[in-house]
Amino acid sequence: SSHEHKLNFKKSKEVCLSYIQDAMLQKQWKRAAEFLTFYVESLEKDYSREHIGPSEMIWRIGTEILCRHSHSSMREFNCFIEQMKTLGIKRYLKICLEHVFHLLCNGQIDEAYQNLSLTESWRFGDQTAIQDKEMKLIQAYRGLLDYYSWSKQKNILLEHSLDGFADLSVEQEMHSCFRKAAVNLKEIVKIPGVWDLFVKCYVDLLEFYGDHNEARQVLNEYAYNSKFPANPNAHVYLYQFLKRQGESKKSLVSALKILHDIVPSHELMIDFNTMLQKSKKRKKHRLGLEVIFAVLDYAGWKENIKAWSCLARQVKQIVISEKHLSWIKQEWNCRKDWWPAFHFSRYLAKRNWQENKSLSYEKALVAGILLGKDCKYFKYVSHQGRKAQVKRFRMLKKFVNKHNPVYLRISS
Amino acid sequence: MEFPAALFPSYFGAGPPREEGGPAPAAGWGEHGQVLEDGSDLGRRQAQPAFVPRRGGTGEMWEPAEAAAVPVLPPGAGCWIPSPAPQDILYRNSRYRKLRPGKSGATLDFAKQLGHFFLDHPEDAFGSMGRLLHKNFYLGNSKLKVSVSLGISLLSPTIPLAASTSALSSLQRPARNSTIRMTALMEDIDRLEARRGCQQQHLASRLRWFSHLCRDWLFEVPLGLLADCLHEELMLQWSELLFDDSVTGGALAWLPPRDTGSCIGCLVHPGGQAMNQLYFQDMVLEELPRARGSPAQFELSGRIRQVAAAQVDEEDFVGVRSDYHCGVWRVPGRTGAAPTPLQVIHTDVPASCLTVSPHLPGELAVCTQSGTIYLWNIEIGLQQLRHDTQTMFFRDHSPWRWSDFTAHPRVLSCADRTGLQCLDARAPRKCHFDLFKVGEEAGCQQGERVVLPMYLGRAHPAQYLVTTQFSVYVLDERLPLVPMLKWAHMMKAPPLFAQLVPGNFGRSHKVLLGASRTQELLLLQYRGDTYWGSQSACQLAGAPQKLHSIAGCLQHLPTQLPHRHHLLQQRLGAPAAGGPLGLGKEEEEDGEEQTFYLSNLEVIINEEEEEENAGTPAPLEEAELPQESCASSQPTPAVPSPAAALRYRRWLRTLCRACKEPPQHTSSPGLSQRRLFTRRDLEGPAGPSALQRQVRQWLHQVMQEGGRIQRWEPLALQPPALPRPLEPAGGLDPLSTRLTAAWSGDWEQWWEERTSFSMAQRQRVLRERRQRQKRARGRQSLSASFTSSLTYQSELSELSDAAPPLLSSGHPPVLSQESSPPASSPLPSSPAASPAPDEALLSSQSLRRRGIPKERRKTLRDYLSVWAEGPPDPPELPGSQASQLCIPSSQSQLSSASQTRRKRPRMGF
């Protein structure tokens, strides 16, 4: 009966698909391709209501095979995709976008641009929400490519202007590229998302044409709009922009303070700490200590000599001046139960000494002050330093011995 | 710890997932996702920008070195019973056959299981009533008028109502007015069975009135309660069959070689019959890894669910989770040093997670199913971080919780099925942030749930892996909620195991994903920003790759007899309980050829079949090491290498030796009656009888003389030949009988029967055995109810300490017994005629066996008292008896808000 036939057909489709899947997962691309030619028949009677239909599956599998198979050419790939575009009409935009990605990754920027322009004019029925998103992305990528050609022309122009020529046509073309890029990029950065690439390009454009207010607004929006994810890069871009603009220390500090609150382990925290150290205000110094302690809480910073020397310097300053010992005490209080095992174990002393003597010097100084001269880390390092007869380790020992009462005050 | 300078573009939305869908077969293929300008060579200076895709870039080439998985460890001992299959639990009806399990249409075969109970435990079900009534029920075929004669009760095993242990009682007295004939009723029942599945079922009126009449008083255990418990148990079994999350994380850990030059690592895995032995096995990583020396072994008081390990300061800390206990071991840095147990905690609610801190020595995270998360420091003790029975982001019924460490040693992640949060252990209530949410933020699908989160600290200190049943996500805790990487993994079962092989020095990181039930193994490669090197965003590198599953080695094993083959198939196809593990890598730059080395390894643990008796340990363990050593220029071999073939043969030989007697009914795990009898019973006659001696002597003489045997002296006897597989000339039995017996593995038994000389004696022995069997059956607890097809996976070994394992069986194999022949006939297939005693079983088990009957009675009493008292709380286990055998030192109790035990229906406990 026809029902049975339908069932059998469905079953053989499934079996065929599982063979394809199996072959692909074992990188047997040729075998997978052979099975795929059979699977194409499944298009004939497509009763499925699955959310990925056979046409999309063929597109996905075919693309993967053509990308992976060593003997496939770009021409074949383009040919296949063109067919798929007509076949999978519902996912037309997605297929186009992926095609563009493939072209971009293979360095065919011009073809990609053509494709994007073509796709942009495509209309089919009512646009769904997904299609809307995809269309926006297509426009954004076109804007991005426009930006690249703008920057290319800008470079040509800059070179030429050095020579004394001013090519008017190039300049005009450059401006038209700018307009095209700016329109599309402006649109995408308004929508909540991660648009690092687009934002950077857009800001670059704006800055070149001197529209600093717009640039600042875009960056502020990108960093501080709560609808956007808490992207550390947004803050970094803003900070870099402010720095380029020669903004006051205060605004730089406040930008970095927010970054510190979001990502205490960010690499800019070292800069932040240095900046705070240079300040004359007591409050800033206090914040600097907090920042550097927080950085060293993270496993990724464990063996970072820059961070350790920042901490060592600041701690040393405080100890020498004997002011603000309470700051250290405060920071140390919530760390004293786990920092010794995390940073100052005997094993680490050994390893640090073997791998990086400067690191072990900085750490030993901090350990000596925070944990006293009897701590394992300090003892090991100063012992080794004495054996190796290095002068600064002798100084270190002297310093720690002299300031041992500090330890007592901190730990009390 | 630099953050990538630019991330791949993506939309960000909030709220519940919008995308509909489900498992899609090809969803992971053919996408680049997004592209990003290649940051590594700062393309500005070039004429054209270079782009890199988020997915679809090139990765390392890995080729399998062997044709299939190769076992590394010998198979575990003990007879093995397959785990319940859907067809054991589901109602098989032509109407439902089309429905796949998991669809809502699956119907549990409740009636069949209840039937199993009545048949297997007549004494428990109808004991006293049966005893009272058996005189009044007549089951013969003849008319009642005839005075009833002896021998009726011999029919007993088929008819529960008459299954009384009382000796043949005199039914001589005129029974007419007080006896009814039940034969017709039995016939009706049989007919009903035959009509099963028929659309127009109408019960025979006789059956209806009988059930109407007896329902209230006939059953020893109230039918409603029994049915409730059974139904609950069935539901539990079914949900466990669909998805068993107790093994999340995997019970297999690898402690890598300490020194860079060394190639000796340590494999930590569970074993033993109840999976309650912990082994630390040294392994030598050669071309084919092999075990070195004998393993350090610890006996635990519960089935091991998870083994987690982490290395801190060159010392390995191994955490072991069973349902109600978590323990931690330390393995010192130097090679060959013995692992030392450090501490154990006892939980009131089953623990669902145990992870070991990669930052601080002796620190672990524990989660229980009551929604509590603890930070466990072996010096300080337990610190409760959170207690919340509700899930975090939306309501989900699953009590599963997970916790892992993050880049900050004081910040722990905690997960349930709806997402992940990070909490600061110093102020868990105030300081927390959402790391992952099943929702639009990560572009999830509807119905998507977190299956396994894992901290990827060894690859990058801020990265996190989250797997769901549809996709894998790589997250960066510095940018929460937005996945750095997302890929639809297309696995058939949710990935419960994951393992990271960090790729240092610019190489890609490898993630191995493993599923339990389907044994799938998937190798993914990704590139993230390395520590201080280039700072590119996360990309998936290369195509995902399937690795050999354990069952795949079946075709490379030596050819087996069909029943053996079937057995092996089941055994190798059993759900994995741990792995995969990336063992290690070696890189050899040898001219143009690059050789990589990666092994993955899993322990197959047959999902435990506890026979319902208090702890008849049956499961077994075997470790297999399918090895993937890869050379980019070599094609996949089609046949295993000689070394692998040798491994296969050796493994198989050990396996055959371990289970010498293949189960008599491989499809339905029956219970052998062997262990019901004492050693003496099984030994048979103490030596050759006088007759045998005489014959032997005579034979000897003839042989010496070189004479010929013309004719046997005692005609009635068969030649007492040696049990060599030679057919005695002119065999009295038909050849087919013997072949059948040999085929089904009962050959020895058949031989014994043939050689036993006296028919009368055999009958007598049989009768005795049958009586003993009946008595023993009476002792069995309720829990032994759903014999073959139903088991329950709980704390077998917790009980096994308290109550030594009962004889694996008191039962004839399931329903087939219905048609077992009357005792008077010779019993070629009766399990009572036992094969030769198994030395190992008798020696180790017979000792433990003694306490049992008492214990069983106690359990039964406990059970009965529960329903007598009123509404059934899940009865308490004698938890205190669940002793720790290995773990010394401080035992701290987890204080938990809810004191209730695991809410599992405990039939009979």
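Preceding this paragraph is the structure being described.
Remember, it's a predicted structure, so these values are computed and weren't measured experimentally.

Participant: If you had to explain the overall build of chain B to someone new, which residues and values would you point to?
Facilitator: Each helix and strand in chain B was counted, giving 16 helices and 36 strands. Across the 909 residues in chain B, those meeting the buried criterion constitute 56%. Taking as baseline every contact in chain B between residues at least 6 positions apart, the subset at least 24 positions apart corresponds to 67%. Roughly 39300 Å² of accessible area belongs to chain B as shown, and the carbon and sulfur atoms make up 54% of that amount.

Participant: Can you explain the interface of chain B and chain A? Please cite residues and give values.
Facilitator: Facing 67 residues of chain B, the contacting portion of chain A comprises 71 residues. Of the roughly 6000 Å² buried where chain B meets chain A, counting both sides, 60% is carbon and sulfur surface. Three residues stand out in chain B for area buried against chain A, namely Y11, W29 and F51 of chain B, and they jointly supply 14% of the buried area on that side. Taken together, the links from chain B to chain A amount to 4 salt bridges. Among the ionic pairs, D22 of chain A bridges to K546 of chain B, the shortest N-O distance being 2.2 Å. Elements represented by at least two residues in the side of chain B that touches chain A include exactly β1 (10-11), β2 (35-37), β3 (51-53) and β30 (539-546) of chain B. For the side of chain B that touches chain A, the element with the highest residue contribution is β30 of chain B, accounting for 5 residues.

Participant: Describe in detail the packing of aromatic side chains, supporting the description with residues and values.
Facilitator: In this structure the tally under the stated criterion is 35 aromatic pairs over all chains. A centroid spacing of 6.2 Å and a plane angle of 40° characterise the contact between W150 of chain A and Y209 of chain A, whose relative ring orientation is tilted. Residue W150 of chain A is found in helix α7 (residues 129-163), and its partner Y209 of chain A is found in the loop between α9 (196-208) and α10 (212-224); the two are separated by 59 residues along the sequence. Overall, W150 of chain A belongs to the buried group, its relative accessible area being 0%. Ring centres of F126 of chain B and F219 of chain B lie 5.4 Å apart, and the angle between their planes is 45°; this geometry places the pair in the tilted category. Highlighted residues: F126 of chain B in helix α3 (residues 122-133) and F219 of chain B in the loop between α5 (205-214) and α6 (223-242), separated in sequence by 93 residues. Note on accessibility: F126 of chain B and F219 of chain B belong to one class, buried.

Participant: Can you lay out the sheet that holds strand β10 (residues 290-299) of chain B for me, pointing to particular residues and giving the numbers?
Facilitator: Residues and elements named next belong to chain B. The 4 strands lie next to each other as β7-β8-β9-β10, forming an open sheet whose pairing is antiparallel. This sheet does not close on itself; its edge strands, each paired only once, are β7 (253-255) and β10. The average undirected angle you get between the axes of adjacent strands in this sheet is 25°. Examined bridge by bridge, strand β8 (residues 264-271) and strand β9 (residues 277-284) share 8 bridges and lie antiparallel to one another. Residue pairing in the sheet places G271 in a bridge with Q277 of β9.

Participant: Residues and numbers for a positive patch on the surface, please.
Facilitator: Residues and elements named next belong to chain B. On the surface, R649, R650, R653 and R657 cluster together to form a positively charged patch. Relative to the helices and strands, R649 is located in helix α8 (residues 642-658). Overall, the relative accessible area of 43% leaves R649 in the partly exposed class.

About the thresholds
- Residues numbered from 1 in each chain as written.
- Chains lettered and ligands numbered in written order.
- Predicted model: local features only at pLDDT ≥ 70, side-chain atom pairs only at ≥ 80, totals over all residues.
- Heavy atoms only, no water.
- Helix = DSSP H or I, 4+ residues; strand = E, 2+ residues; numbered from the N terminus.
- Buried < 20%, exposed > 50% of the residue type's maximum accessible area, 1.4 Å probe, protein only.
- Contact = heavy atoms within 4.5 Å.
- Areas by Shrake-Rupley, 256 points an atom, 1.4 Å probe, with all protein chains shown as cover.
- Buried area = accessible area lost by both parts, 1.4 Å probe.
- Salt bridge = Lys/Arg side-chain N within 4 Å of Asp/Glu carboxyl O.
- Phe/Tyr/Trp six-rings, centres within 6.5 Å; stacked < 30°, edge-to-face > 60°.
- Pairing = 2+ DSSP bridges.
- Axes fitted to C-alpha atoms, helices over the stretch in contact; angles between N-to-C directions.
- Patch = residues over 30% accessible without salt bridge, like charges linked within 9 Å, V, L, I, M, F, W, Y side chains within 5 Å.
- Lys, Arg positive; Asp, Glu negative; His and termini not counted.
- Charge placed at Lys NZ, Arg CZ, Asp CG, Glu CD.

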